[in-house]
Amino acid sequence: MSTQDLDEEYAQDQENHDGPLPLTSLEGAGVSAADIKKLQEAGFNTIESIAYTPKKALIAIKGISEQKADKMIAEATKLVPIGFTTATVIDLKLKDRVYITTGCSDLDKILGGGIETGSVTEIFGEFRTGKSQICHTLAVNAQLPINMGGGAGKAIYIDTESTFRPSRLKEIAGRYELEPEEVLENVAIARAYNVEHQMQLLVQAAGLMMSARFALLVVDSATALYRTDFNGRGELAARQNHLGQFLRSLMRLADEFGIAVVITNQVVSSPDGNQFTPGLKPIGGNIMAHASTTRLFLRKGRGETRICKIYDSPCLPEAEAMFAINPDGIGEAKE
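These lines cover the structure that appears in this document, whether it is placed above or below. (Residues numbered from 1 in each chain as written. Predicted model: local features only at pLDDT ≥ 70, side-chain atom pairs only at ≥ 80, totals over all residues. Heavy atoms only, no water.)

A word on the environment of Pro-145. Locating Pro-145 in the fold gives a position in the loop between helix H8 (131–141) and strand E4 (154–159). Put simply, Pro-145 and Ala-192 are 47 residues apart on the chain and 30 Å apart in space, counted from C-alpha to C-alpha. (Helix = DSSP H or I, 4+ residues; strand = E, 2+ residues; numbered from the N terminus.)

Moving on to the packing of aromatic side chains. One pass over the structure, following the stated rule, counts five aromatic pairs. Residues Tyr-226 and Phe-246 carry aromatic rings whose centres are separated by 6.5 Å and whose planes lie at 55 degrees to one another, so their mutual orientation is tilted. Taken together, the residues span a long stretch of sequence, with Tyr-226 in helix H12 (residues 224–229) and Phe-246 in helix H13 (residues 236–257) at a distance of 20 residues. In this structure Phe-246 comes out as buried when scored by relative accessible area, which is 0%. (Phe/Tyr/Trp six-rings, centres within 6.5 Å; stacked < 30°, edge-to-face > 60°. Buried < 20%, exposed > 50% of the residue type's maximum accessible area, 1.4 Å probe, protein only.)

Moving on: the pattern of salt bridges. Inspection of the entire model under this criterion finds 14 salt bridges. The shortest N-O distance in the salt bridge between Lys-170 and Glu-181 comes to 3.7 Å. Of this pair, Lys-170 sits in helix H9 (residues 166–175) while Glu-181 sits in helix H10 (residues 180–185), and the two are eleven residues apart along the sequence. A salt bridge links Glu-320 to Lys-309; the nearest nitrogen and oxygen atoms lie 4.0 Å apart. Placement of the pair is Glu-320 in strand E12 (residues 320–326) and Lys-309 in strand E11 (residues 305–312), with a sequence separation of eleven residues. Taking the relative accessible area as the measure of exposure, Lys-309 reaches 11% and is therefore buried. Through salt bridges that share partners, Arg-299, Lys-309, Glu-318 and Glu-320 make up one connected network. (Salt bridge = Lys/Arg side-chain N within 4 Å of Asp/Glu carboxyl O.)

Two orientations exist for strands paired in a sheet by backbone hydrogen bonds: parallel and antiparallel. Read from one edge to the other, the open sheet built from nine strands follows the order E5-E4-E6-E7-E3-E10-E11-E12-E13, with strand pairing classed as mixed. A single partner strand is all that each edge strand has here, and the edge strands are strand E5 (187–191) and strand E13 (329–332). If you compare each strand with its neighbour and ignore which way they point, the axes differ by 25 degrees on average. Here four bridges tie strand E6 (residues 214–220) to strand E7 (residues 260–265), and the two strands are oriented parallel to one another. Considered in E7, the bridge of Val-219 is made with Ile-263. (Pairing = 2+ DSSP bridges. Axes fitted to C-alpha atoms, helices over the stretch in contact; angles between N-to-C directions.)

Attention now goes to the packing of H8 against H9. The description of two helices packed together rests on the angle between their axes and the distance between the axes. One way to put it is that H8 packs onto H9 with a least axis distance of 9 Å and a crossing angle of 60 degrees. If you check the angle between H8 and H9, you find them oblique. Considering only the axes of H8 and H9, their crossing is right-handed. Along the contact surface, H8 presents Gln-133, His-136, Thr-137, Ala-139 and Val-140, while H9 presents Arg-168, Leu-169, Ile-172 and Ala-173. Residue composition of the contact of H8 with H9, grouped by class: five nonpolar, three polar and one charged. (Parallel < 35°, antiparallel > 145°, perpendicular 65-115°, else oblique. Left-handed = near helix turned anticlockwise from the far one by under 90°. Contact = heavy atoms within 4.5 Å. Nonpolar A, V, L, I, M, F, W, Y, C, P; charged D, E, K, R; others polar.)

Once that is clear, we can look at the packing of helix H11 (residues 195–209) against H13. Interaxial distance between H11 and H13 falls to 10 Å at its minimum, and their mutual angle equals 10 degrees. Between H11 and H13, the crossing angle belongs to the class labelled roughly parallel. For the pair H11 and H13, the contacting residues are Val-195, Glu-196, Gln-198, Met-199, Leu-202, Ala-206 and Met-209 in the first and His-242, Gln-245, Phe-246, Ser-249, Leu-250, Leu-253 and Phe-257 in the second.

Here we take up the pairing of E11. Within E11, six of the eight residues are buried, leaving the element largely enclosed by the surrounding structure. Bridge count between strand E10 (residues 294–300) and E11: six bridges; the pairing is antiparallel. Looking at the pairing, Lys-300 lines up with Arg-306 of E11. The turn joining E10 and E11, which pair antiparallel and follow one another in sequence, is formed by four residues; a positive phi near 60 degrees is taken by Gly-303. Taken together, the five bridges between E11 and E12 define a ladder with antiparallel strand orientation. Note on E12: the bridge partner recorded for Cys-308 is Ala-321.

Moving on, we get to the side chain of Asp-220. Inspection of the secondary structure puts Asp-220 in strand E6. Among buried Asp, Glu, Lys and Arg side chains, Asp-220 stands out as unpaired, with Lys-131 the closest opposite charge at 6.7 Å. A polar side-chain atom of Asp-220 sits 3.3 Å from a polar atom in the side chain of Tyr-157. A distance of 3.3 Å separates the side chain of Asp-220 from the side chain of Thr-163, its partner in a polar contact. When neighbours within four sequence positions are excluded, Asp-220 is seen to be in contact with Ser-132, Cys-135, Tyr-157, Ile-158, Asp-159, Thr-160, Glu-161, Thr-163 and Thr-264. (Lys, Arg positive; Asp, Glu negative; His and termini not counted. Polar contact = N/O pair within 3.5 Å; in protein donor to acceptor, adjacent residues only side chain to side chain.)

Written as structure tokens, this is what we have:
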């Protein structure tokens, strides 16, 4: 879809009140424009973000007192339902979720249709197993119409290892006969240089999502900078705490905007490997495991063939599928 089509569709959704509520809705509830600006500068752009956030996080913002925070949360929870509901309501919401195709039908099949929106998918594996290739393919596929397996939205791409290549997006665009320049315009890319910068980019990403329809957020890789910015066991607690905050922010964006969040992760050697990841384990420990809805383990096959194993999922059965890294992106594995 073209940039103009995506922007017009987003404007229509806003008019129909479909999607997250803008923070400016609080102005009518007695919250000043100055306070709303302070919240936006701190990365809060929706009513949902206020309703989901603990009070201490709001009080930490300069100029927001405990009394103001109480009022903001009270007004936000009036507009956003955060109490009990029935399982039927949740079932209907999950049935309406969009799945973004990976480009490989066998891989889509074991994933229940593709990469699920509104959740966090972690992809981990050794070097050259196809993690970044899947991310590049998804950045293009997210722009496809929903009836073609896309998300009908733009993509945000946070690159921490300088692996993003616009030329790769152009090659993948040709597969769907999309205009290469339109595809590039629909991908917002930023290079992260340290963990603080990586966190700050999520604040900017939230602002972007309030101005246009986005279907995908990629962080490739989510953990690389944590391995370089924190050293030794003495900083392990600080590293895990910061990583936990970063992952929680990703989960919040998936909840607020209904986007698919895809993060890549690295592996380390482990003497207690299992049948899924012999001799290897994803880094990040339990914090990473609990933040990811679906965890996918990639390993090398023959030539350009790769194998994807469902490592952990609340709803998908244990399964694996073969895929290939082709000139036009992720595709079917050749026999």
